[in-house]
Amino acid sequence: MLIVFIGPPGAGKGTQCRRLVDLLDIPHLSTGEMLRAVMEQDTALSRYVASYINAGKLAPDHLVMRIVSQKVKSPDCTNGALFDGFPRTMVQAQMLDDLLVELKRPLDVVLELQVPDEVLIDRLLKRAKIDGRADDNDATIRERLRVFHDQTKPLVQYYSKQGK
Ligand code: ADP
């Protein structure tokens, strides 16, 4: 089963995804976690990725796509996968569709988690105090929400039209 999970930053995608993967026994592919793993190294690539993420911007589509396509083709994902925070742009959604056509494995379902912006800002500021994530500060949080409404939210309609 291949599932896409869409939701704004701070909606609780990670938490709900962990519950779903326990239930469905498929791997949880969080592009945010994968990108943070890249940032933990000290390389030109990690600095390149950090320059986007720590400013609340999206990492470049081609880079995210390369990471995801390697994962999807790996044996871990034979039974499916739950995509958390991916795709996040129309370009990524189209690239994912192309990849899944190539693999002859269509998406089964797309889930959207809705939370009002005021609640998200409050939660993310609280998370900042607990986790100390560099991208959880007031300016970056507002930028991430803006990017979500601008670039990610249109995917809901894109997938609705596909009947997902
Ligand atoms: P949140 O849902 O709180 O934004 P994530 O862990 O999903 O947290 O993502 C953290 C950051 O990682 C995002 O703000 C973005 O910069 C980057 N990121 C995650 N997934 C993608 C993606 N699919 N495309 C581009 N950038 C991404």
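Our structure is the block above this text.
Remember, predicted model here, so these are calculated numbers, not experimental data.

Remarks on the site of the ligand
And then number 1: Taken together, 20 residues form the shell around the ligand, and within it Lys 13, Thr 31, Lys 57, Arg 88 and Gln 92 come nearest.
And then number 2: In this structure, an oxygen atom belonging to the ligand sits 2.8 Å away from a side-chain N or O atom of Lys 13.
And then number 3: Measuring from an oxygen atom of the ligand, one finds a side-chain N or O atom of Arg 36 at 3.0 Å.
And then number 4: For the ligand, the accessible surface in isolation is 540 Å², of which the surrounding protein chains cover 96%.

Some points on the packing of aromatic side chains
And then number 1: Applying the stated criterion across every chain yields a total of three aromatic pairs.
And then number 2: Ring geometry for Tyr 48 versus Tyr 52: centroids 5.4 Å apart, planes at 80 degrees, classification edge-to-face. Residue Tyr 48 and its partner Tyr 52 are both found in helix α3 (residues 44–53); the two are separated by four residues, about one turn of the helix.
And then number 3: We classify Tyr 52 as partly exposed; its relative accessible area is 26%.

Here's the deal with the sheet that holds strand β3 (residues 81–84)
And then number 1: One open sheet holds the four strands; their spatial order is β2-β3-β1-β4, and the pairing between them is parallel. With partners counted over all chains shown, the strands left at the sheet margins are β2 (28–30) and β4 (109–112), one partner each. For this sheet, the mean inter-axis angle between neighbouring strands, taken without regard to orientation, is 20 degrees.
And then number 2: Pairing analysis gives four bridges linking strand β1 (residues 2–6) to β4, with the strands arranged parallel. Within the sheet, the bridge partner assigned to Phe 5 lies in β4 and is Leu 111.

Procedures and definitions
Residues numbered from 1 in each chain as written. Predicted model: local features only at pLDDT ≥ 70, side-chain atom pairs only at ≥ 80, totals over all residues. Heavy atoms only, no water. Near = heavy atom within 4 Å. Polar contact = N/O pair within 3.5 Å; in protein donor to acceptor, adjacent residues only side chain to side chain. Areas by Shrake-Rupley, 256 points an atom, 1.4 Å probe, with all protein chains shown as cover. Phe/Tyr/Trp six-rings, centres within 6.5 Å; stacked < 30°, edge-to-face > 60°. Helix = DSSP H or I, 4+ residues; strand = E, 2+ residues; numbered from the N terminus. Buried < 20%, exposed > 50% of the residue type's maximum accessible area, 1.4 Å probe, protein only. Pairing = 2+ DSSP bridges. Axes fitted to C-alpha atoms, helices over the stretch in contact; angles between N-to-C directions.

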